[in-house]
Amino acid sequence: MPSTFAHEFKTPTFKAKVAFRTGLFINGQFVDGSDNTTIDSNGKVIMSVSEGTAKDVDLAVEAVNEAFNTTWGLHAPGTQHSILMSKLAALMEKNADELAALEALDNGKTFNWARNADVAGSIDCICYYAGWANKVTGQVQEITEDKLTYARHEPIGVVCHALTLRFAVLMMAWKLGPALACGNTVVLKPSEFTPLTAIRMCHLVNEASFPPGVVNVLSGYGNTIEKVACTGSTLVGRKIMEAAAKSNLKNVTLELGGKSPNIIFDDVDIEQAANWATFSIFWNHGQTCCAGSCIFVQEGIHDEFLKRFTEKTRSLKVGDPFAPDTFQGPQVSEIQFNRIMSYIVSGKAVGAKVEIGGERLGSEGFIRPTIFTNVDPSMKIVQEEIFGPVGVVIKFKDEEDVIKQANDTNLNCAINTAPRLKVGTAWINCINSLHSNVPFGGFEQSGIAMPVGPSLAHGPVLAQAIPGSLLDDEKDQDEDDIAPLTLLSTA
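None of these values were measured; they are calculated from a predicted model.

This paragraph deals with the pattern of salt bridges. All chains considered together, the criterion is met by 11 salt bridges. For Lys109, the salt bridge identified is with Asp118, shortest N-O distance 2.4 Å. Residue classification places Lys109 among the buried positions, given a relative accessible area of 2%. Close ionic contact of Lys189 with Glu192 constitutes a salt bridge, the shortest N to O distance being 3.5 Å. Given the relative accessible area of 17%, Lys189 is considered buried. Look at Glu192 and you get partly exposed, because its relative accessible area is 23%. When salt bridges with common partners are traced through the structure, they connect Glu271, Glu304, Arg308 and Lys312 into a single cluster.

A few words on the environment of Phe327. Locating Phe327 in the fold gives a position in the loop between helix H9 (302-315) and helix H10 (334-349). Taking the relative accessible area as the measure of exposure, Phe327 reaches 17% and is therefore buried. On a C-alpha basis, the gap between Phe327 and Leu316 in space is 6.1 Å, while along the polypeptide they are 11 residues apart. Dropping the residues within four chain positions of it, Phe327 is found in contact with Thr110, Trp113, Phe279, Phe282, Trp283, Leu316 and Lys317.

The mixed open sheet is built from five strands, whose spatial order is E14-E15-E20-E19-E16. Each having just a single partner strand, strand E14 (261-264) and strand E16 (353-356) make up the two edges of the open sheet. Here the average twist between neighbouring strands, direction ignored, is 30°. Alignment of E16 against strand E19 (residues 370-373), held across three bridges, turns out to be antiparallel. From the neighbouring strand, Lys353 faces E19, where its bridge partner is Thr373.

Turning our attention to the packing of helix H5 (residues 168-181) against helix H6 (residues 196-207). Each packed pair of helices is defined by two parameters, the angle between the axes and the distance between the axes. Where H5 contacts H6, the two axes come as close as 8 Å, and the packing angle between them is 50°. With respect to their mutual orientation, H5 and H6 come out oblique. As H5 runs across H6, the sense of the crossing is right-handed. Facing Ala168, Val169 and Met172 of H5, the residues of H6 in contact are Thr197, Ala198 and Met201. Per-class residue counts for the contact of H5 with H6 are five nonpolar, one polar and no charged.

Turning our eyes to something else, we now look at the nonpolar core. Across soluble globular proteins, you tend to see nonpolar side chains buried next to one another. Core analysis: the largest hydrophobic core is formed by 80 residues, its most contacted members being Leu180, Phe210, Phe305 and Phe309. Ranked by the residues each element gives to this core, the list is headed by H5, at 10 residues. Excluding residues that lie within four positions of it along the chain, Leu180 makes contacts with Trp72, His81, Met85, Val186, Phe210, Val214 and Val215. Counting residues in each nonpolar core, the second largest holds 23 residues, with Phe296, Phe337, Ile344 and Val390 among its members.

This part takes up the packing of aromatic side chains. Under the criterion given, the structure shown has 16 aromatic pairs. Each ring, one from Phe9 and one from Phe14, has its centre 5.3 Å from the other, and the planes form 65°; the classification is edge-to-face. This pair shows no difference in class: Phe9 is buried, exactly as Phe14 is. When the centroid spacing of 6.3 Å and the interplanar angle of 25° are considered together, the rings of Phe282 and Phe309 count as stacked. Taken together, the residues span a long stretch of sequence, with Phe282 in helix H8 (residues 270-282) and Phe309 in helix H9 at a distance of 27 residues. Judged by its relative accessible area of 0%, Phe282 falls in the buried class. One aromatic cluster is present, formed by Trp113, Phe167, Trp276, Phe279 and Trp283 through successive ring pairs. Over the ring of Tyr343 we find Lys380, and its NZ or CZ is 5.1 Å from the ring centre.

Together, Asp266, Asp267, Glu299 and Asp398 give the surface a local cluster of negative charge. When you line up the elements, Glu299 lands in the loop between strand E15 (294-298) and H9.

For the rest of this paragraph, the subject is the confidence of the model for the protein. The predicted model of the protein averages 80 in pLDDT, with 75% of residues at 70 or higher. Per-element mean pLDDT across the protein ranges from 32 in strand E23 (residues 486-489) up to 96 in helix H2 (residues 78-94).

Here we take up the environment of Cys182. Here Cys182 shows up in the loop between H5 and strand E10 (185-189). When the C-alpha atoms of Cys182 and Leu74 are compared, they prove to be 9.4 Å apart, with 108 residues separating the residues in sequence.

Analysis parameters
Sequence order as written defines residue numbering, which begins from 1 separately in each chain. Thresholds applied to this predicted model are a pLDDT of at least 70 for local features of residues and 80 or more for the giving and counting of side-chain atom pairs; totals over whole chains, interfaces and linings are not thresholded and use all residues. Computation of side-chain values: all heavy atoms of the structure, hydrogens and water removed. Salt bridges are defined by distance alone: a side-chain nitrogen of Lys or Arg within 4 Å of a carboxyl oxygen of Asp or Glu. The cut-offs for exposure are 20% and 50% of the maximum accessible area for each residue type, with area from a 1.4 Å probe on protein chains only; residues under the lower value are buried, those over the upper are exposed, and the others partly exposed. What counts as a helix is a DSSP run of H or I of at least four residues, what counts as a strand is a run of E of at least two, and both are numbered from the N terminus. Note on contacts: a residue pair is in contact if any heavy atoms of the two residues lie within 4.5 Å. Pairing between strands requires that DSSP locate at least two bridges from one strand to the other. Here an angle of 0 to 180 degrees is reported between the N-to-C directions of two axes, which are lines fitted to C-alpha atoms, with helices fitted over the stretch in contact. Between 65 and 115 degrees an angle is taken as roughly perpendicular, under 35 as roughly parallel, over 145 as roughly antiparallel, and anywhere else as oblique. What makes a crossing left-handed is the near helix being turned counterclockwise from the far one by less than a right angle; a clockwise turn instead makes it right-handed. Side-chain classes are defined by residue name, with Ala, Val, Leu, Ile, Met, Phe, Trp, Tyr, Cys and Pro counting as nonpolar, Asp, Glu, Lys and Arg as charged, and the others, Gly among them, as polar. Here, the term nonpolar core denotes a set of buried Ala, Val, Leu, Ile, Met, Phe, Trp, Tyr and Cys residues that are joined through side-chain atoms within 4.5 Å. Geometry of aromatic contacts follows a simple scheme: Phe, Tyr and Trp rings, the Trp one being its six-membered ring, pair when their centres are within 6.5 Å, and the pair is stacked under 30 degrees between planes, edge-to-face over 60, tilted otherwise. Should the NZ of a Lys or the CZ of an Arg lie within 6 Å of a ring centre and within 35 degrees of the ring normal, that charge is described as sitting over the ring. A patch is a set of surface residues, each over 30% in relative accessible area and not in a salt bridge, joined within 9 Å for like charges and within 5 Å for the nonpolar side chains Val, Leu, Ile, Met, Phe, Trp and Tyr. Note on areas: Shrake-Rupley, 1.4 Å probe, and residue coverage restricted to the protein chains presented here. The positive count covers Lys and Arg only, the negative count covers Asp and Glu only, and His and the chain ends enter neither. Taken as the charge centre is NZ of Lys, CZ of Arg, CG of Asp or CD of Glu, depending on the residue. Per-residue confidence from the predictor is given as pLDDT, running between 0 and 100.

Structure, rendered in structure tokens:
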């Protein structure tokens, strides 16, 4: 029988006893993995959860196909999808503090940010797509005077999602929202480092009365599936694309990492620019795919900006994620902590200058917010995603210079510059401004397709074009008048 997670939160921001059944969530029930193995934290152990194996994937796929072919998909109207999704959003709102506390405990991010950003954004996302669920419609086009074609949208079927460790509940909402709204059934794998909120969300899925098998969650280390979506590293994205190509050419959406440039021109308000730069790189302990980790500063304000940026960084409180004044908690795992520290060591070894930070804080996975200067494009800390509280400040001369440097990593000035950058999202005079109705994602090695936005309301569907003739007499038609039936994937 699956174990029960039980924890009493006695923190300044959240006080409650929390208990719920864990295990793999297959066909509406919590079960042990087929091999009765578990996954554990590699740092401070919170609890062990069941490990899903290939046998469990087969069981989950069987369950989602059964649900898709009987109680969901085209067997339930869009209005029903909308009603159940709205119920789920309401239950998330009711349990928002608990979800935020689980995120803080499991991930290390601060409770306040988890509550006001991650959980609030998750609720907004589910609400947004609940509104779209009964508006997934086709289109009729008159081709000629005597012919028309109508296109219909239907669900793809089984959709598999792999979640990142950094925003467990938010990424779950981003994947469930469009998939469920379009009538697809889902198999979801949370990160082995942060599975608790996904498991708790399964209880809310049951409470909202989704049919068994519509949503399935398998925790573990990394068949009839038609689409795979992943939020994670570029390396994992490559492996998913390779596997998709070798199987049935599955439809793939990838929201991956990157080395995001934060470009600061001479004409800015330097104080505000320092505030935004600090938030951009150090929010969520630097573990965001869109962290502004390469800070390009025009030479006319470079020195003054660096002074204020360093002061802002020094003022950040690193510590207990449940303390109300904490900005940065511990890194998500010992593996990630060691990886970040290896980049810091690498930067020092090749001559980059540490302006502030560059060392661990205490003995429990905390890293001091770090700023490097005196860097060049060949350094690993400039080229590679660190995924931690480490930023590099780089001086540039003019617009042409910064575009070359920014694109070299894998406003009037701002407005002109943004379209010339090879990026999927460009923020001007702000950072991390995310909305469910606005596309978000990356280009090239940072991703394929956008995981949110209005286009996703028609994303996980098949578009079926059905040409037809309005002629009364079939004998008046010749072969050229009758177009073939075509199925086009629009996901």
